[in-house]
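# Results of the structural survey
The chain contents come next:
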Amino acid sequence: MAEIHLLEQSTIDKIAAGEVVERPASVVKELVENAIDAQATAITVEIKEGGISFIRITDNGCGIPKEEIALAFLRHSTSKIRSVEDLVTVTSLGFRGEALSSIAAVSQVELITKTQEALLGCRYVIEGSEEKSLEEIGAPNGTTFLVRNLFYNTPARQKFLKTPQTEASHISSLMEHLALSHPDISFRFIVNGQTKLSTSGNGNQKEIIYHIYGRDIAANLIEIHQKYENICIDGFLGKPIISRGNRNFETFFINGRYIKSQLISKAIEDAYKNHLMQHQYPFTVLNITVNTELLDVNVHPTKMELRFDNGPEIYKNIQQTVAEGLTHRDFIPEVTLTENEEPLKPSPKLLPKPSPESSVQRKESVPKPPEPFETVRIRELEQKTTAPPKQLKIEESSVYEQHFLEEASKPKHRIIGQVFSTYWLVEFDEKLFIIDQHAAHEKVLFERMMRNFREKEFTSQQISPPMVISLNMREEELLQKFLPEFQRLGYQIESFGGSEYSICAVPANLYQINEKHLFLEMLDDLSEETGLKTSDAILEKVASMSCKAAVKGNQRLSLAEMDHLIGELLECENPYQCPHGRPTIISMTKYELEKKFKRIV
Ligand code: ADP
Ligand code: MG
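Residues numbered from 1 in each chain as written. Chains lettered and ligands numbered in written order. Predicted model: local features only at pLDDT ≥ 70, side-chain atom pairs only at ≥ 80, totals over all residues. Heavy atoms only, no water.

## Remarks on the overall build of the protein chain
Helix and strand counts for the protein chain come out as 18 helices and 22 strands. The long-range fraction of contacts in the protein chain, counting pairs at least 24 apart against all pairs at least 6 apart in sequence, stands at 69%. Element-wise, carbon and sulfur atoms account for 52% of the exposed surface of the protein chain, whose accessible area totals about 29800 Å². (Helix = DSSP H or I, 4+ residues; strand = E, 2+ residues; numbered from the N terminus. Contact = heavy atoms within 4.5 Å. Areas by Shrake-Rupley, 256 points an atom, 1.4 Å probe, with all protein chains shown as cover.)

## A short note on the environment of D436
Relative to the assigned elements, D436 resides in strand β18 (residues 431-436). The buried category is assigned to D436, whose relative accessible area is 18%. Taking the C-alpha atoms as reference, D436 lies 9.6 Å from C578; in sequence the two are 142 residues apart. Beyond its immediate sequence surroundings of up to four residues, D436 is in contact with T422, Y423 and T584. Reaching out from D436, the side chain makes a polar contact with the backbone nitrogen of H438 at a distance of 3.0 Å. (Buried < 20%, exposed > 50% of the residue type's maximum accessible area, 1.4 Å probe, protein only. Polar contact = N/O pair within 3.5 Å; in protein donor to acceptor, adjacent residues only side chain to side chain.)

## Here's the deal with the side chain of H177
Relative to the helices and strands, H177 is located in helix α6 (residues 164-181). If near-sequence neighbours (up to four positions away) are discounted, H177 is found in contact with T251, F253 and Y258.

## Looking at the site of ligand 1
Lining the immediate environment of ligand 1, one finds 20 residues, of which N34, T78, S79, K80 and G97 sit closest. In the model, an oxygen atom of ligand 1 is placed 2.7 Å from a nitrogen or oxygen of the K80 side chain. Protein chains shield 93% of the accessible area of ligand 1, which is 530 Å² for the free molecule. Counting residues per element, the ones that place at least two in the shell around ligand 1 are α4 (99-105) and β6 (142-148). Of the residues belonging to the shell around ligand 1, the class tally is 8 nonpolar, 8 polar and 4 charged. (Near = heavy atom within 4 Å. Nonpolar A, V, L, I, M, F, W, Y, C, P; charged D, E, K, R; others polar.)

## Some points on a nonpolar patch on the surface
On the surface, L7, I12 and I15 cluster together into a nonpolar patch covering about 250 Å² of accessible area. Counting through the fold element by element, L7 comes out in the segment before α1 (9-20). Exposure remark for L7: the relative accessible area of 41% places this residue in the partly exposed category. (Patch = residues over 30% accessible without salt bridge, like charges linked within 9 Å, V, L, I, M, F, W, Y side chains within 5 Å. Salt bridge = Lys/Arg side-chain N within 4 Å of Asp/Glu carboxyl O.)

## A short note on the packing of aromatic side chains
Applying the stated criterion across every chain yields a total of 10 aromatic pairs. Arranged with centres 5.6 Å apart and planes meeting at 50 degrees, the rings of Y213 and F249 form a pair that is tilted. Placement of Y213 in helix α7 (residues 205-213) and of F249 in the loop between β10 (231-238) and β11 (250-254) is noted, with a sequence separation of 36 residues between them. There is no split in this pair, since Y213 and F249 are both buried. Ring plane angle 85 degrees and centroid distance 5.5 Å describe the contact between F486 and Y491, whose orientation is recorded as edge-to-face. Y491 shares its class with F486; the two are buried. Here the aromatic cluster, defined as three or more aromatic residues joined through ring pairs, consists of F73, Y124 and F145. R244 extends its terminal NZ or CZ atom over the ring of F249, reaching a point 4.1 Å from the ring centre. (Phe/Tyr/Trp six-rings, centres within 6.5 Å; stacked < 30°, edge-to-face > 60°. Lys NZ or Arg CZ within 6 Å of the ring centre and 35° of its normal.)

## Some points on the pattern of salt bridges
Two side chains of opposite charge can pair, provided their charged atoms sit close to one another. Under the counting rule described, the total for this entry stands at 19 salt bridges. Notably, a salt bridge pairs E46 with R56, separated by 2.9 Å at the nearest N-O pair. Residue E46 is found in strand β1 (residues 42-48), and its partner R56 is found in strand β2 (residues 54-59); the two are separated by 10 residues along the sequence. Accessibility expressed as a relative area gives 30% for R56, which makes it partly exposed. Residue R123 is joined to E135 by a salt bridge in which the shortest nitrogen-to-oxygen separation is 2.6 Å. Pair noted here: R123 is in strand β4 (residues 121-127) and E135 is in strand β5 (residues 130-137), with a separation of 12 residues, a long-range link. According to the relative accessible area criterion, E135 is partly exposed, its value standing at 33%.

## Structural notes on the sheet that holds strand β12 (residues 257-258)
Strand order in the open sheet formed by 5 strands is β9-β10-β13-β11-β12, with mixed pairing between adjacent strands. Among the strands making up the open sheet, the edge pair consists of β9 (221-227) and β12. Sheet topology note: the β9/β10 ladder contains 7 bridges and is antiparallel. Bridging across to β10, H225 finds its partner in D234. Helix-sheet contacts for helix α10 (residues 311-326) involve β9, β10 and β13 (284-290), and the interaxial angle to β10 is about 40 degrees. (Pairing = 2+ DSSP bridges. Axes fitted to C-alpha atoms, helices over the stretch in contact; angles between N-to-C directions.)

## Details of unusual backbone geometry
In this structure, the amide linkage connecting S464 to the following residue, P465, adopts the cis form with an omega of 0 degrees. Secondary-structure assignment places P465 in strand β19 (residues 460-470). Phi at N192 takes a positive value of approximately 45 degrees, unusual for a residue other than glycine. Turning to its location among the elements, N192 is positioned in the loop between β7 (186-191) and β8 (194-198). Positive phi, close to 45 degrees, is recorded for N255, a residue that is not glycine. Note that N255 resides in the loop between β11 and β12.

## Some remarks on α10
Taking 1.5 Å per residue, 16 residues should reach 22 Å; α10 reaches 23 Å between its end C-alpha atoms and fits that length. Taken as a whole, α10 has its buried residues at G311, I314, Y315, N317, I318, Q319, T321, V322, G325 and L326. Where α10 is buried, its residues touch β9, β10, α9 (262-272), β13 and β15 (307-308). (Expected span 1.5 Å × (residues − 1).)

## Regarding the side chain of N310
Locating N310 in the fold gives a position in the loop between β15 and α10. At a separation of 2.9 Å, a polar atom in the side chain of N310 contacts the side chain of E313. With residues up to four places along the chain from it excluded, the contact list for N310 reads N230 and L294.

## Points about the packing of α6 against α7
Helix-helix packing is characterised by the crossing angle of the two axes and by the distance between the axes. Direction vectors running N to C along α6 and α7 enclose 160 degrees, while the axes themselves pass 9 Å from each other. Overall, the two elements α6 and α7 adopt an arrangement that is roughly antiparallel. In this structure, α6 meets α7 at a crossing whose hand is right-handed. Residues E176, A179 and L180 of α6 pack against Q205, I208, I209, I212 and Y213 of α7. Each residue belonging to the contact of α6 with α7 can be placed in one class, and the counts come to 6 nonpolar, 1 polar and 1 charged. (Parallel < 35°, antiparallel > 145°, perpendicular 65-115°, else oblique. Left-handed = near helix turned anticlockwise from the far one by under 90°.)

## As for the nonpolar core
In this structure, I43 and F73 are the most contacted members of the largest nonpolar core, which totals 62 residues. For this core, the domains that each give at least three residues are domain 1 (9-198) and domain 2 (205-326). With sequence-adjacent residues up to four places away left out, F73 is seen in contact with L100, S101, A104, V109, L111, Y124, I126 and F145. Listed in part, the 53 residues of the second largest apolar core include A271, Y272, V290 and L557. (Core = buried A, V, L, I, M, F, W, Y, C linked by side-chain atoms within 4.5 Å. Domains from an automatic or database assignment.)

This is the structure in structure tokens:
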């Protein structure tokens, strides 16, 4: 082996830079976060060639005093913390003092900055960690960073860069998250001379959602505000109708920081579970404020992950808030008949499937409206809706005016009859409602069964011969952990030697579905992370399986029976989806029909 020696500083810097600067988007992230920390109210980001050859970031923040400029570019230099104790209360986005030194190690940086107190600004040039010049020049208050030719001196890393379009799309989605998380700051994002995103900084987050995701999403949001002892949750929940096929639209910010967290994703998805089909994911933008003492943000150099001291509490608060936000909402999807479409196709899922690569192109093909936001939005709403003018407010009142499934509405239902032995037609409030008899029935049974489970003591039913299951290590651990829960429900489970277990008794009301795969599925569903609502998770699984078995196809209901079923739906916690997430009711407006018959154009 070669002799041991200390690496040169420039080599150390380049290696360290690898942790912070992975691609152009990392540079933008760090510099915009610095601008936010510098109290900027307006930030412009301009890139060329996906940010590989050119990134310019301008802010109107506090600026850097001349005598601190060189220092700012040293590794571990920061104005944001003094000691490790400060980490507990840190509220700035940065604090590790690594970004400027890392960026300067692997690119050519030019900085122009001026503090409010200084008469003149400064221009500082540093390339590959090597200082080139520092001079005084005239400049506006604030800071501009120019970062050119990323990885020009580290060809090995340059090779890992993707096409300029892909790199631009990473920056684009980063900018969307930054703009969403800071509605008080006016952002402008320019790609190859073209403005792709521009926000007003007026603090209105819904307006930014509209800007980024478009009308269909903005029109289907539920606003929430909730406060607990250690956590505040504000923001928007997408109605189930705008759910998506992947997690890219589950956005949440912790103390203003965009992060990924399995714990929070799980809390959100669990709350949405009864409203979505399998493999569907919700749209959310949640601003979560957590007491900084319960948070460790110093887990990862890019701070994309963090650790909670009180995971279960955070899970419970978020799950509960989202679940409450979703209950008692009128989620009946409205169908529209268009010329080229199959009739009666529900209108959800209008957006293209998102992918990092597509987001930039998507923006190019959808030019931003030239008028100010409010005007455009209201006009579009007018074109779309039949509601009287008073309902044209930005609020979602128009959607929730009169609920089909409300005790007071029931006398006004006119049940027309059944078609195709499955669907019931009901007229109400200028709309035609179509109920899927089986889905509705299943839902009513499911909720009834869940209620019984919750209220009653559970009894056990012996099975013979016992069911022998063999478990892997993780499953065994889960079984040990949740054994008391299973026993409470009426399961009797004994070790059968090695990794085998015998189930000698099952909950009495589930006698007909004592299947191995059901038990294993339940085990898989239990997450150690949350440790909450375990018995509910088991029950839900069991109940949804058993009512599916109970509802047989194609029975004809009498009108009175249907009326009764609607009455029962009315009592459901969430009558709008069957236990498997399919809609139970859809609706069509009178206006839609009249349009179809060309009574109105
Ligand atoms: P950190 O953000 O972790 O403190 P950085 O290397 O990103 O470390 O920045 C070093 C220091 O440079 C910051 O602490 C801050 O004082 C100063 N700085 C960087 N960017 C700006 C800016 N846009 N405006 C004002 N000061 C800045
Ligand atoms: Mg920083």
